[in-house]
Amino acid sequence: PEGGSRCRRAMLVTVLLAALSVVRPTSLVVGRRTFCAVTASLACPRSSLASVSTYNVKDAAAAVARMRDARAELAGVDSMLARSRFDDALAAVSDVSTRLENDCTVFVQSPVLSPDDKVAIGTIRRYGIGADILIMLGGVAESARSEDQAHSRDYLKKGIAALDEVLLIASTYDL
């Protein structure tokens, strides 16, 4: 049921962040508050377009188009953070994050991708580039709440880089 799913998501994030901090401790600096917020945000249920289990090529193309739009919106978030407009950035990131979770799920569950690319992108339940995007955007949100401009922009840069990887994979399928 839903409670078990939330628990598994929270546990997955906990294990992943712990593993990353052991493997590359200097490249992943996550404060206790950020860690708890990211874990909690991933454990909370969200409404999901991805509740439908069958998608087609048109669905995948539409999801990729929305991901490109989200990429442009995230570039705007950087300018908000640069001007210390944390509330605006937080609202924008929260909205984009929810949409990206849905769009990545639609894309991965569509028949367009090869099995290897499906694994590479993954979902929030199956670690991959898609989870990287969501984890980093969660870091942006928490850093924006703390009005920490440097960390917010760093997490945003990493989230955009992960999204760019997904869009690069999509471009190999002419989407």
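Right above here is the structure, for reference.
Residues numbered from 1 in each chain as written. Predicted model: local features only at pLDDT ≥ 70, side-chain atom pairs only at ≥ 80, totals over all residues. Heavy atoms only, no water.

**Student:** Can you break down the packing of helix 4 (residues 86-109) against helix 6 (residues 129-145) residue by residue, with the values?
**Tutor:** Taken N-terminus to C-terminus, the directions of helix 4 and helix 6 make an angle of 165 degrees; their axes are 9 Å apart at the nearest point. On the basis of their axis angle, the class for helix 4 and helix 6 is roughly antiparallel. For helix 4 against helix 6, the interelement crossing comes out left-handed. Taking contact as the criterion, the partners of Phe-86, Leu-90, Val-93, Ser-97, Leu-100, Glu-101 and Cys-104 in helix 4 are, on helix 6, Gly-130, Ile-133, Leu-134, Leu-137, Val-140, Ala-141, Ala-144 and Arg-145. (Axes fitted to C-alpha atoms, helices over the stretch in contact; angles between N-to-C directions. Helix = DSSP H or I, 4+ residues; strand = E, 2+ residues; numbered from the N terminus. Parallel < 35°, antiparallel > 145°, perpendicular 65-115°, else oblique. Left-handed = near helix turned anticlockwise from the far one by under 90°. Contact = heavy atoms within 4.5 Å.)

**Student:** How would you explain the packing of helix 3 (residues 57-82) against helix 4 if you had to name every residue and give the values?
**Tutor:** Where helix 3 meets helix 4, the axes come as close as 9 Å, and the angle between the chain directions of the two elements is 160 degrees. By the angle between their axes, helix 3 is roughly antiparallel relative to helix 4. The element helix 3 and its partner helix 4 pack so that their crossing is left-handed. Among the residues making up the contact of helix 3 with helix 4, the classes are represented as 18 nonpolar, no polar and 7 charged. (Nonpolar A, V, L, I, M, F, W, Y, C, P; charged D, E, K, R; others polar.)

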